[in-house]
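Fold and geometry: a report
Below, each chain spelled out in residue letters.
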Amino acid sequence: MNQTIAFLGAGSMAEAIIAGMTANSVIPAQQIIATNNSNKERLAELSSKYHIQTNQNKQEAITDSNVIILAMKPKDIKKATDEIKGWIREDQIIVSLLAGISTNFIESQLDTNTPVIRVMPNTSAAIGLSATTVTGGKFTTADHLALVETIMQSIGTTTLIEEEDMDAFTALAGSSPAFYYYMIEAMERFVADKGLDIDIAKPLMIQTLKGVAGMLETSPDSPGVLRQKITSPGGTTEAGLKTLASHNFQHAVVDCLNQTTDKSAELRKNFEK
Ligand SMILES: NC(=O)C1=CN([C@@H]2O[C@H](COP(=O)(O)OP(=O)(O)OC[C@H]3O[C@@H](n4cnc5c(N)ncnc54)[C@H](O)[C@@H]3O)[C@@H](O)[C@H]2O)C=CC1
Ligand SMILES: O=C(O)[C@@H]1CCC=N1
């Protein structure tokens, strides 16, 4: 692909995307430029790990790129747009990874009608398995969206959504890897408590998860039916599920996703000023 992509912010999500992008040949590493506020060591680390370009001069990094990926925290968006607006051109595309922050706000902070596309990847981008949602702002054409989807497909799947649904999909696909990891952490606690060998247990947990993902993907059965097929009356699974129900497990999960969604909206309220 003949695009040069600048990352403004070189933290965990930028690295996950860079790792995914450079692992396949869709975007040559030399067409990726990372820049941040001042952490030279971090840029050197990314350059040595992924053979990408880095530039501490943000203006140069932006001027030399067609696609500018905003990869700072939501709280830093105003400062970032104030800093870069003089350098942004209308032939470029701004891609924002920021939770909560709307395309409308970013557009309003720029002096140009540059297209702004909001995406929500997850850290599985690092292994090419992100489930990235994508939504365009008011200056975005179908061609802009297609280009950004192609770029993001280098790190996994992309799904076009309405921007009003972005907060909920941030919960369901951006933050949710953390929720799955949290459950696995609890299983690791059980492994330790039982004195089981983690080297035996971990591959079993991973294979089980892969099997669950595969069944969800290929089986015509709903998750509820798949669960019932495991649950013999009076058996082991039933005993486990009863315990989860007694702890209001499903309520906890729905509440967790609601709180995550609400936080995304709150970030917008707090930092779009
Ligand atoms: N970590 C995750 O799983 C996901 C994160 N995101 C979004 O990605 C964004 C970045 O998140 P993380 O990488 O986790 O944060 P992070 O804190 O690891 O990285 C942010 C980086 O941006 C830099 N930065 C701040 N202002 C800047 C500016 N004006 N110019 C250049 N660099 C600047 C900071 O120095 C820092 O290195 C956030 O907005 C978050 O909502 C989206 C999807 C998933
Ligand atoms: O926790 C956060 O705010 C970011 C957004 C989605 C995943 N991590």
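The structure displayed is predicted, hence computed values, not measured ones.

To continue, consider the site of ligand 2. Every residue near ligand 2 is listed here: Ala99, Met120, Gly174 and Ser175. When the free accessible area of ligand 2 is taken as 240 Å², the share hidden by the protein chains comes to 47%. The class makeup of the residues in the shell around ligand 2 is two nonpolar, two polar and no charged.

Turning to the sheet that holds strand β3 (residues 53-54), a few remarks are in order. Strand order in the open sheet formed by eight strands is β3-β2-β1-β4-β5-β6-β7-β8, and the pairing between neighbours is mixed. If you trace the sheet from one side to the other, it starts and ends with β3 and β8 (156-160), each paired once. Most of the contacts of helix α1 (residues 12-23) go to strand β1 (residues 5-8), to which it runs at about 160°, and overall it touches β1 and β2 (32-35). Sheet contacts for helix α6 (residues 142-152): β1, β4 (67-70), β5 (93-96), β6 (116-120), β7 (130-136) and β8; angle to β8, the most-contacted strand, approximately 155°.

What follows is about the domain arrangement of the protein. Interface size, as often reported, equals the accessible area lost upon joining of the parts. Domain annotation for the protein reports domain 1 (5-161) and domain 2 (170-267). A C-alpha centroid distance of 32 Å is found between domain 1 and domain 2. Contacts between the two partners involve nine residues from domain 1, matched on the other side by six residues from domain 2. Taken together, the two surfaces of domain 1 and domain 2 that pack against each other cover about 610 Å², and 61% of this comes from carbon and sulfur. Of all residues in domain 1, Gly100, Met120 and Asn122 give up the largest surface area on contact with domain 2, accounting jointly for 46% of the area buried on that side. At the junction of domain 1 and domain 2, the tally comes to zero salt bridges. Remark: the boundary between domain 1 and domain 2 carries two residue pairs in polar contact (both at pLDDT 80 or more). For the side of domain 1 that touches domain 2, the class distribution of residues is six nonpolar, two polar and one charged.

Between helix α7 (residues 166-193) and helix α11 (residues 249-271), the shortest axis-to-axis distance is 9 Å and the interhelical angle comes to 130°. Relative to α11, the element α7 is oriented oblique. Once α7 is placed against α11, the crossing between them reads as right-handed. In this structure, α7 uses Asp167, Ala168, Thr170, Ala171, Leu172, Ser175, Phe179 and Met183 to contact α11, whose residues at the interface are Phe249, Cys256, Leu257, Thr260, Thr261, Ser264, Ala265 and Arg268. Each residue belonging to the contact of α7 with α11 can be placed in one class, and the counts come to nine nonpolar, five polar and two charged.

In the numbering used here, UniProt assigns the feature "domain: Pyrroline-5-carboxylate reductase catalytic N-terminal" (unreviewed entry) to residues 4-100. A distance of 26 Å separates the end C-alpha atoms of residues 4-100, which is 38% helix and 19% strand.

Attention now goes to the pattern of salt bridges. Taken as a whole and judged by the stated rule, the model has 14 salt bridges. Taking the shortest distance from any N to any O, the salt bridge between Glu15 and Arg42 comes out at 2.8 Å. On the criterion of sequence distance, the pair formed by Glu15 in helix α1 and Arg42 in helix α2 (residues 40-50) is long-range, its members being 27 residues apart. Assigned by exposure class, Glu15 and Arg42 land together as buried.

What follows deals with the environment of Ser108. Along the polypeptide, Ser108 turns up in helix α5 (residues 103-109). In this structure, the C-alpha to C-alpha distance between Ser108 and Thr81, residues 27 residues apart in sequence, is 9.7 Å. Separated by 3.2 Å, the side chains of Ser108 and Gln109 make a polar contact.

Counting buried positions over the seven residues of β7 gives five, a clear majority of the element. As judged from the four bridges shared by β6 and β7, these two strands associate in the antiparallel manner. When the sheet's bridge partners are listed, Met120 is paired in β7 with Thr133. The sheet contact formed by β7 and β8 spans five bridges and is parallel. Considered in β8, the bridge of Ser130 is made with Gly156. Each parallel crossover has a hand, and the one from β7 via α6 to β8 is right-handed.

Here is what the cut-offs are and how they apply
- What you see as residue numbers is a count from 1 along each chain, following the sequence as written.
- Chain letters start at A and ligand numbers start at 1, both assigned in the order the entries are written.
- Totals for whole chains, interfaces and linings use all residues, but because this is a predicted model, local features are given only for residues with pLDDT of at least 70 and pairs of side-chain atoms are given and counted only at 80 or more.
- To get the side-chain values, take all heavy atoms of the structure and skip hydrogens and water.
- By convention in this text, a residue qualifies as near a molecule or strand provided that one of its non-hydrogen atoms is within 4 Å of it.
- Areas reported as accessible are Shrake-Rupley estimates using a 1.4 Å probe. Residue values count occlusion only from the protein chains shown.
- Side-chain classes are defined by residue name, with Ala, Val, Leu, Ile, Met, Phe, Trp, Tyr, Cys and Pro counting as nonpolar, Asp, Glu, Lys and Arg as charged, and the others, Gly among them, as polar.
- A pair of strands counts as paired when DSSP detects no fewer than two bridges linking them.
- Helix and strand labels come from DSSP, where a helix needs a run of H or I of at least four residues and a strand needs a run of E of at least two; each type is numbered from the N terminus.
- Working rule for contacts: check all heavy atoms of both residues, and any pair within 4.5 Å makes them a contact.
- Here, axes are lines fitted to C-alpha atoms. For helices the fit covers the stretch in contact, and angles between N-to-C directions go from 0 to 180 degrees.
- Where each domain begins and ends is defined by an automated method or by a domain database.
- Throughout, the accessible surface (probe 1.4 Å) given up by two parts as they are put together, summed over both, is called the buried area.
- The term salt bridge refers to a pairing of a side-chain nitrogen on Lys or Arg with a carboxyl oxygen on Asp or Glu at a separation within 4 Å.
- In protein, a polar contact means a hydrogen-donor-capable atom and an acceptor-capable atom, both N or O and within 3.5 Å, with residues adjacent in sequence counting only if both atoms are side-chain atoms; elsewhere, any N or O pair within 3.5 Å suffices.
- Oblique is the label for any angle not covered by the other classes, which are roughly parallel (under 35 degrees), roughly antiparallel (over 145) and roughly perpendicular (65 to 115).
- Handedness of a helix crossing follows the sense of rotation of the near helix relative to the far helix, less than a right angle counterclockwise being left-handed and clockwise being right-handed.
- UniProt positions are given in the numbering used here, feature names are shortened, and annotations may be inferred rather than shown by experiment.
- Note on exposure labels: buried denotes an accessible area under 20% of the residue type's maximum, exposed denotes more than 50%, and partly exposed covers the range between, all computed with a 1.4 Å probe on protein chains only.
- Crossover handedness is defined by viewing with both strands directed away from the observer: a clockwise path from the first strand over the helix to the second marks the crossover as right-handed.

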